[in-house]
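So the chains spell out like this:
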Amino acid sequence: MISDYARVEQAIRYLDANARQQPSLADVAGHVGLSEAHLQRLFTRWAGVSPKRFVQWQTVEHAKRLLRDSQASVLDASYEAGLSGGGRLHDLFVTAEALTPGEYKSGGEGVEIAYGVHETPFGDAFIATTARGVCALSFLDVARPREEAAADAAAELRAGWPAATIRADDTATRGVAERVFAPLGDATERPAPLAVLLKGTNFQLMVWRALLRVPTGAVTTYEELAAATGSPTAVRAVASAVARNAISYLIPCHRVIRKSGELGGYRWGPDRKRTMIAWEAVRSEERRAVGL
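Overview of the structure. Counting of residues starts from 1 at the beginning of each chain's written sequence and follows it residue by residue. Totals for whole chains, interfaces and linings use every residue, but because this is a predicted model, local features are given only for residues with pLDDT of at least 70 and side-chain atom pairs only at 80 or more, for both listing and counting. Based on all heavy atoms of the structure, the side-chain values leave hydrogens and waters out of the count.

1. A look at the overall build of the chain
Cut-off, in case you're wondering: Secondary structure counts use DSSP, requiring at least four H or I residues in a row for a helix and at least two E residues in a row for a strand, with both numbered from the N terminus. Exposure is judged per residue with a 1.4 Å probe applied to protein chains only, and the accessible area is read against the type maximum: over 50% gives exposed, under 20% gives buried, and values in between give partly exposed. Whether two residues touch is decided by their heavy atoms; if any such pair falls within 4.5 Å, the residues are in contact. Exposure was quantified through the Shrake-Rupley algorithm and a 1.4 Å probe, taking into account, for residues, occlusion by the shown protein chains and nothing else.
Of the regular secondary structure elements, the chain holds 12 helices and eight strands. Within the chain, the fraction of its 292 residues that count as buried is 49%. The long-range share in the chain, meaning contacts at least 24 apart out of those at least 6 apart in sequence, stands at 69%. Surface exposure of the chain reaches about 14,000 Å², of which carbon and sulfur atoms provide 51%.

Quick look at the structure:
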């Protein structure tokens, strides 16, 4: 069975690849194997806007405009405020704790990790959590069988935490999935912080903490991120640290793009990255329109 997200991704790819021909709703529906009415309902429920309207948010030109708006309005203030900044900059308030040097060196000895796979707006997500916070969040390849992709994600988790005690437990991770991917609520009331447990070098930790200050609906560049870490010339090292982020979405590496407006790489697929950025931008605009 093809997931809703997989259908949506197919529709977006088709619209993007055939933009010059201005395909009709019937064309897109036929491509993804749905009726026009079903596709329109599915897509609008998922994105909040029609398929054609959504694709307008995915262009390089829109990415450039979003980047200009981000630079001019929220990013500087967000970086200055840090994690103590106003709640309206963030839909999720995330606190970060790093492993101690001893825990890092030992491969997580003494750490207990539960993991599970859950449906999200961006396809199935593999989530792993400890008593101190989320330690992994990745997305499964929509083109592969769910069980096979989940087994590979579990193997990668075990390789990264060789001395930890690891078990499969969807119940233990379901609350995290619901919290992270719940529909946006009233941003005037901030819930309790959601904790993440980071495992990386000191430089990687600095980069990931800087990523936490990029608000939903905004984007930044690798150059700006390097400057935010105090290492403006270390752009390549920053890009490497972004790529090694194991806690996708919560630590929003998808919000980093090239200064040209091109997206650059994304570990869980460029289509998913483009979709995330546009999906968040649409929702941020909706919230601004109603004063949230």
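2. Some thoughts on unusual backbone geometry
Phi is positive for Tyr249, close to 70°, though the residue is something other than glycine. Note that Tyr249 resides in the loop between helix H11 (235-243) and strand E8 (256-257).

3. Examining the packing of aromatic side chains
Test applied: What counts as a ring pair is set by centres within 6.5 Å for rings of Phe, Tyr and Trp (its six-membered ring), and what kind of pair is set by the plane angle: stacked under 30 degrees, edge-to-face over 60, tilted for all other angles.
Inspection of every chain in the model, using the stated rule, returns 12 aromatic pairs. An angle of 90° between the planes, with centres 6.3 Å apart, marks the rings of Phe122 and Phe139 as edge-to-face. Taken as a pair, Phe122 in the loop between strand E2 (112-120) and strand E3 (123-130) and Phe139 in strand E4 (residues 133-139) lie far apart in primary sequence, 17 residues in all. The same class applies to Phe122 as to Phe139, namely buried. Here the aromatic rings of Phe122 and Trp279 are separated by 5.0 Å at their centres, their planes lie at 75°, and the arrangement is edge-to-face.

4. Some details on the environment of Asp271
Mapped onto the elements of the fold, Asp271 is located in helix H12 (residues 270-289). For Asp271, a relative accessible area of 22% puts it in the partly exposed group. Taking the C-alpha atoms as reference, Asp271 lies 9.4 Å from Gln10; in sequence the two are 261 residues apart. Excluding residues within four positions of it along the chain, Asp271 makes contact with Tyr5, Glu9 and Arg13.

5. Remarks on the side chain of Thr129
Which entries qualify depends on this criterion: Residues adjacent in sequence count toward polar contacts only when both atoms are side-chain atoms; beyond that, a polar contact is any pair of N or O atoms within 3.5 Å, and within protein one must be able to donate a hydrogen and the other to accept it.
In this structure, Thr129 sits in strand E3. On the basis of relative accessibility, which here comes to 13%, the residue Thr129 falls in the buried class. Within the local environment of Thr129, its side chain forms a polar contact with the backbone oxygen of Gly133, the two atoms lying 3.5 Å apart. For Thr129, the contacting residues outside a window of four places in its chain are Glu112, Ile113, Ala114, Val134, Cys135, Ala172, Thr173 and Val176.

6. A look at the environment of Ala192
Locating Ala192 in the fold gives a position in the loop between helix H8 (170-181) and strand E6 (194-198). By relative accessible area, Ala192 is classed as exposed at 53%. When the C-alpha atoms of Ala192 and Phe93 are compared, they prove to be 7.7 Å apart, with 99 residues separating the residues in sequence.

7. Notes on helix H1 (residues 4-17)
We count it as follows: A helix is expected to span 1.5 Å for every residue after the first.
With 14 residues, H1 ought to run about 20 Å at 1.5 Å a step, and its terminal C-alpha atoms sit 20 Å apart, in line with that. Where H1 is concerned, the buried positions are Tyr5, Ala6, Arg7, Val8, Glu9, Ala11, Ile12, Tyr14 and Leu15.

8. A closer look at the pattern of salt bridges
The following threshold applies: We define a salt bridge as a contact between a side-chain nitrogen of Lys or Arg and a carboxyl oxygen of Asp or Glu at a distance within 4 Å.
Inspection of the entire model under this criterion finds 12 salt bridges. Taking the shortest distance from any N to any O, the salt bridge between Glu9 and Arg13 comes out at 2.7 Å. Of this pair, Glu9 and Arg13 both sit in helix H1, four residues apart, which is roughly one turn of that helix. Residue Arg267 is joined to Glu156 by a salt bridge in which the shortest nitrogen-to-oxygen separation is 1.9 Å. Residue Arg267 is located in the loop between E8 and H12, and its partner Glu156 is located in helix H7 (residues 146-160); the two are separated by 111 residues in the primary sequence. A relative accessible area of 43% means that Arg267 is categorised as partly exposed. Note on Glu156: relative accessible area 44%, which makes it partly exposed. Among the ionic contacts, a cluster of salt bridges with common partners joins Glu9, Arg13, Asp271 and Arg274.

9. Describing the nonpolar core
The following threshold applies: Here the nonpolar core consists of buried residues drawn from Ala, Val, Leu, Ile, Met, Phe, Trp, Tyr and Cys, with membership extended through side-chain atoms lying within 4.5 Å.
Grouped together as the largest cluster of nonpolar side chains are 57 residues, with contacts concentrated most on Trp46, Phe54, Phe122, Phe139 and Leu250. The element that contributes the greatest number of residues to this core is H1, accounting for six residues. Listed in part, the 19 residues of the second largest apolar core include Val111, Phe126, Cys135 and Ala164.

10. Topic: the side chain of Glu9
Looking at Glu9, the relative accessible area reads 8%, which means it is buried. There is a polar contact of 2.7 Å between the side chain of Glu9 and the side chain of Tyr5. Contact partners of Glu9, with chain neighbours within four places excluded, come to Val142, Asp271 and Arg272.

Any link to function would need more than the numbers given here.
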